[in-house]
Amino acid sequence: MLLVSAGCSAQTAQTVSSETKTRIQRQIQAQYDLPPDVKIDVGHRHPSDFPAYDLVTITLSGKGHEQKVDFLLSQDNKILAKVTKIDLTKDIYAERMNKIDVTGRPVRGNPDARVTIVNYDDLQCPFCSRMHSTLMQEILPQYGDRIKIVYKDFPLSMHPWAPHSANNANCLAIENGTAYWEFADYVHANQKAIGSGQDLQKATSELDRIAIDLGKKHGVDMNRLQACIKGQPDQQLKSSMAEGESLGLNATPTLFINGQKLEGAVDADEVRAVLDAQLLAAGVQPPAPLPTSAKQKQETTSK
């Protein structure tokens, strides 16, 4: 009877005593240096997955905002712990990649490669220009058909002509993948010439000219391309940005290499290290390391 009673009571939510609640509120306030106008509400105790600890949800509220944070409270009321629970049965990298839609996106490298680099890109971002150079001049020549590279749009609000350039690139992508990549190459390499953002109309006119010239070069349907450029459809751009936000993006460039995240204009060696690990995980042998002389030549060319 006692065992049954103990088992049942352990599954029932219990109120945290007022004394313990006061101590929790004081310690949370001090630990996180919360301002005095933040209200700290301590919820009920619930059974947790950790022996001798209960789950307690603490709600922080103030100035119209509210945040709920789960903590573990020891059953002797002496320890409060914040623990991140990681489900070892799930593949976080695979779950990230499942959130990324690359359908119809132009590919550089091998479309059937087992390792994919997805680059969330801003065509006006100077750090993105550096990453573009690293990927195209150092990484792709070395890894060849072992990888595929796909770009998604994530223009930042500080770059006024970045959305227009993304829309133009997407108009080209509909017509011709090679034209899309040549547009990305040219814009990344000529950001300053296109405009610093002071004259937005001049910059967008130049971006339109570049896109139209590339369309003519590759023999696309010019009526359709010009209509797309004039109309500036942005549904694909908005979807890409929403997708990036769902993945926690707040900066460009951000790479996902088979789900492993690299943020910022990291150097080629850091990209290689992640690529090699992901290739091995996918059952693909990485390429031989470059000789020092060849690596130095690549780095000099990409600068």
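Our next topic: helix α5 (residues 162–175). The end-to-end C-alpha separation of α5 is 20 Å, in line with the 20 Å expected for 14 residues at 1.5 Å each. Counting buried residues along α5, twelve of its 14 residues qualify, which places the element largely inside the surrounding structure. Turning to α5, its buried residues number three or more, namely Ala162, His164, Ser165, Ala166, Asn167, Asn168, Ala169, Asn170, Cys171, Leu172, Ala173 and Glu175.

Moving on, we get to the sheet that holds strand β8 (residues 254–257). Reading across from one edge, β5-β7-β6-β8-β9 is the order of the five strands in this open sheet, with mixed pairing throughout. Sheet topology places β5 (108–109) and β9 (260–263) at the edges, where each strand pairs with a single neighbour. Bridge analysis of strand β6 (residues 115–121) against strand β7 (residues 147–153) gives seven bridges, and the strand direction is parallel. Residue aspartate 121 lies in a different strand from β7, and its bridge partner there is aspartate 153. Packed on one face of the sheet, helix α10 (residues 235–246) meets β6 and β7 and runs near 105 degrees to β7.

Our next topic: a nonpolar patch on the surface. Residues Ile86, Leu88, Ile92 and Tyr93 make up a contiguous nonpolar surface patch of about 440 Å² in total accessible area. Its location among the elements puts leucine 88 in the loop between β4 (80–81) and α3 (92–99).

With that settled, the discussion passes to the side chain of threonine 134. Mapped onto the secondary structure, threonine 134 falls in helix α4 (residues 126–143). Residue threonine 134 is classed as buried on the basis of its relative accessible area of 6%. When sequence neighbours within four positions are dropped, the list of residues in contact with threonine 134 reads Ile139 and Ala268.

Each disulfide consists of a covalent bond between the sulfur atoms of two cysteine residues. By the definition in use, this model includes one disulfide. The disulfide bridge from cysteine 171 ends at cysteine 228, spanning 2.1 Å between sulfur atoms. On the sign convention where negative means left-handed, the S-S torsion of about -80 degrees between cysteine 171 and cysteine 228 marks this disulfide as left-handed. Here cysteine 171 is found in helix α5, whereas its partner cysteine 228 is found in helix α9 (residues 222–231), with 57 residues between them in sequence. A relative accessible area of 15% places cysteine 228 in the buried class. As a non-bridged cysteine, cysteine 125 has cysteine 128 as the owner of its nearest cysteine sulfur, 3.2 Å distant. Judged by relative accessible area, cysteine 125 falls into the buried class, the value being 2%.

One pass over the full model with this rule turns up one cavity of 30 Å³ or more. Approximately 80 Å³ is the volume attributed to the largest cavity. Around the largest cavity, the lining is made up of 13 residues, and of these Asp121, Leu123, Asp153, Ala166 and Tyr180 lie nearest the centre. Put simply, the parts of the chain that give the lining of the largest cavity at least two residues each are β7, α5 and α6 (177–189). The biggest single contributor to the lining of the largest cavity is α5, with four residues. In the lining of the largest cavity, the residues fall into nine nonpolar, one polar and three charged.

Let's shift gears to the confidence of the model for the protein. A residue-level look at the protein finds 91% of positions with pLDDT of 70 or above and a mean pLDDT of 91. Counted against residues more than four places away or in other chains, residues 1–10, with its pLDDT under 50, gives two contacts.

Over the atoms, a rolled probe matching the size of one water molecule traces out where space is still vacant. Taken as a whole, the largest pocket holds about 280 Å³ of empty space. Arg23, Ile24, Gln27, Ile79 and Leu80 are the residues nearest the centre of the largest pocket, which is lined by 14 residues in total. Residue composition of the lining of the largest pocket, by class: eight nonpolar, four polar and two charged.

Turning our eyes to something else, we now look at the packing of helix α8 (residues 200–217) against α9. Direction vectors running N to C along α8 and α9 enclose 165 degrees, while the axes themselves pass 10 Å from each other. Considering the angle they form, α8 stands roughly antiparallel to α9. Considering how the two elements wind past one another, α8 and α9 form a crossing that is right-handed. Contacts between α8 and α9 pair Asp208, Ala211, Ile212, Gly215 and Lys216 from the former with Met222, Leu225, Gln226 and Ile229 from the latter.

So, how was this worked out
- Residues numbered from 1 in each chain as written.
- Predicted model: local features only at pLDDT ≥ 70, side-chain atom pairs only at ≥ 80, totals over all residues.
- Heavy atoms only, no water.
- Helix = DSSP H or I, 4+ residues; strand = E, 2+ residues; numbered from the N terminus.
- Expected span 1.5 Å × (residues − 1).
- Buried < 20%, exposed > 50% of the residue type's maximum accessible area, 1.4 Å probe, protein only.
- Pairing = 2+ DSSP bridges.
- Contact = heavy atoms within 4.5 Å.
- Axes fitted to C-alpha atoms, helices over the stretch in contact; angles between N-to-C directions.
- Patch = residues over 30% accessible without salt bridge, like charges linked within 9 Å, V, L, I, M, F, W, Y side chains within 5 Å.
- Areas by Shrake-Rupley, 256 points an atom, 1.4 Å probe, with all protein chains shown as cover.
- Salt bridge = Lys/Arg side-chain N within 4 Å of Asp/Glu carboxyl O.
- Disulfide = S-S within 2.5 Å.
- 1 Å grid on protein atoms, 1.4 Å probe; cavity = no way out; pocket = protein on both sides within 12 Å on 5 of 7 lines; lining within 4 Å.
- Points joined across faces, edges and corners; volume = space filled by probe spheres on them.
- Nonpolar A, V, L, I, M, F, W, Y, C, P; charged D, E, K, R; others polar.
- pLDDT = per-residue confidence, 0-100.
- Parallel < 35°, antiparallel > 145°, perpendicular 65-115°, else oblique.
- Left-handed = near helix turned anticlockwise from the far one by under 90°.

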